[in-house]
Structure formats: C-alpha cells, structure tokens
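Close look at the chain arrangement
One-letter residues, chain by chain:
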Amino acid sequence: MVEEKAPSGRGIALTLWLSGYSVAVVVVEVLLAVHAVGELDRGRMLPVAVVLGMVALLGEAAALTGLWFWRRWGVGLLAGCVVVQVVAGLMAEVNGGIIAARIVLACALVFMLIPRWERLRG
C-alpha cells in the first residue's frame, strides 16, 4: 500500500516567488526613497503619486511578511496595496504595460496561494 504524502510547506515555486517579490519590493522602495530624498533636498515637494506608491510598498512588505507566516490578512493587504499602486501609477501617468504587469504579478501570487488556502491562518 502506497501512502500519499501530505503536501509539504510552500514548495519551491511559492518560496522563490515570495522571496523574489519581497526583494523587488525592497529594491523599488529604496529607489523611491532615494528619489524622494533628492527631491526634498532640492526643496521640492513630493508628488502625491510618489507618496502613495511608497506607502503602498510599505504595506506590501507587511503583506508579504504575513503571507510568509501563512496569514490570510496578507492576501487582503496585498490586494489593497496593488490597487493603491495602480491608482498612483495612473496619477503619475506610468506606462500601461507596467501597471498591467503589476496586476498580473500579484494575481499570479494569489493563484499560487489558492491550493494552499486552507493552510493560511486568519
């Protein structure tokens, strides 16, 4: 008799995705922070879109941390942050391809989480 193994943890794809996504969020946040410091040093105010983007990236980092620890609220927070980033991107007239890619990447992460939904805690 062959016993089926229970699925183990995240799996390689989800682990790599969460790790890569987290690194990308940190890199973009650092780039935006450097840009913000440069603008503030010149005595300029930051555009609302940049501030919204930075706040959404901080929220996204929190969401990814929640997902790493199997928390369902991470999915909701991630979705909210992506919506805020899309709005900020539209305000800043960011290329539509970048906005579409942002949505597709977040959706791909959610689709990887669907088979593991029962593991996520409240």
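That block above? That's the structure.
Structure report, in brief. Counting of residues starts from 1 at the beginning of each chain's written sequence and follows it residue by residue. Since the coordinates come from a predicted model, pLDDT governs what is reported: local features require at least 70, and pairs of side-chain atoms require 80 or more to be given and counted, while whole-chain, interface and lining totals use all residues. As a rule here, side-chain values come from all non-hydrogen atoms in the structure, and water together with hydrogens is ignored.

Side note on the overall build of the protein chain
Helices and strands together make up the secondary structure of the protein chain, namely 4 helices and 0 strands. The order of helices and strands in the protein chain, counted from the N terminus, is α-α-α-α. In terms of overall dimensions, the protein chain is more spread out than a globule: its C-alpha atoms have a radius of gyration of 17 Å, far above the 14 Å expected for 122 residues. Considering only C-alpha atoms, the protein chain reaches an extent of 75 × 25 × 25 Å along its principal axes. Restricting the contact set of the protein chain to residue pairs at least 6 apart, pairs at least 24 apart contribute 73%. Entry remark: accessible area of the protein chain is about 7,800 Å², with carbon and sulfur atoms responsible for 73%. Charged-residue counts in this description rest on Lys and Arg as positive and Asp and Glu as negative, His and the chain ends being excluded. In this description, the location of a charge corresponds to atom NZ of lysine, CZ of arginine, CG of aspartate or CD of glutamate. Averaging the positions of the 10 positive and the 8 negative side-chain charges in the protein chain gives two centres separated by 6 Å. Strands here are runs of E lasting at least two residues and helices are runs of H or I lasting at least four, both read from the DSSP assignment and numbered beginning at the N terminus. Radius of gyration here uses only the C-alpha atoms, and the compact-globule reference equals 2.2 Å multiplied by the residue count raised to the power 0.38. Only heavy atoms matter for contacts: two residues are in contact if any of them lie within 4.5 Å across the pair. Only the protein chains shown count as cover for residues, and all accessible areas are computed by the Shrake-Rupley method using a 1.4 Å probe.

Topic: helix α3 (residues 73–91)
Side chains of residues three or four places apart in an α-helix project in the same direction, reflecting 3.6 residues per turn. To estimate the expected span of a helix, count its residues, drop one, and scale the result by 1.5 Å. A rise of 1.5 Å per residue sets the reference length of α3, with its 19 residues, at 27 Å; its end C-alpha atoms lie 27 Å apart and thus fit the reference within 8%. In this scheme, a residue with accessible area under 20% of its type's maximum is buried, one over 50% is exposed, and one in between is partly exposed, where area comes from a 1.4 Å probe on protein chains only. Turning to α3, its buried residues number three or more, namely Gly74, Val75, Leu78, Cys81, Val82, Gln85, Val86, Ala88 and Gly89. For α3, the angular spread of buried residues about the axis comes to 165 degrees, placing them on one side. Seen from the buried face of α3, the exposed residues on the opposite side, beyond 90 degrees, are Val83 and Leu90. Those residues of α3 that are buried are in contact with α1 (11–41), α2 (48–68) and α4 (96–113). Positive backbone phi, approximately 55 degrees, marks Glu93, located one or two places after α3. The arc in question is the one spanned by the directions pointing from the helix axis to the C-beta atoms.

A closer look at the packing of aromatic side chains
When we look at a pair of aromatic rings, we describe it by the centre distance and by the angle of the planes. Put simply, two rings from Phe, Tyr or Trp (the six-membered ring, in Trp's case) pair if the centres are within 6.5 Å, and we call them stacked under 30 degrees between planes, edge-to-face over 60, tilted for the rest. Considering all chains together, one arrives at 0 aromatic pairs under this definition. A ring has a charge above it when a Lys NZ or an Arg CZ is no more than 6 Å from the ring centre and no more than 35 degrees off the ring normal. One residue, Arg10, lies across the ring of Trp68, its end atom 4.0 Å from the ring centre.

Observations regarding the side chain of Gln85
Relative to the helices and strands, Gln85 resides in helix α3. Of note is the side chain of Gln85, whose polar atom sits 2.6 Å from the side chain of Arg102. With residues up to four places along the chain from it excluded, the contact list for Gln85 reads Gly53, Ala56, Leu57, Glu60 and Arg102. Under the rule applied, a polar contact is a pair of N or O atoms within 3.5 Å (in protein, one hydrogen donor and one hydrogen acceptor; residues adjacent in sequence only if both atoms are side-chain atoms).

Focus: unusual backbone geometry
We note that Trp70 has phi near 60 degrees; this positive angle belongs to a residue other than glycine. Secondary-structure assignment places Trp70 in the loop between α2 and α3. We classify Trp70 as buried; its relative accessible area is 13%. One non-glycine residue, Glu93, lies in positive phi territory at about 55 degrees. Summarising the element assignment, Glu93 is placed in the loop between α3 and α4. By relative accessible area, which is 72% here, Glu93 ends up exposed.

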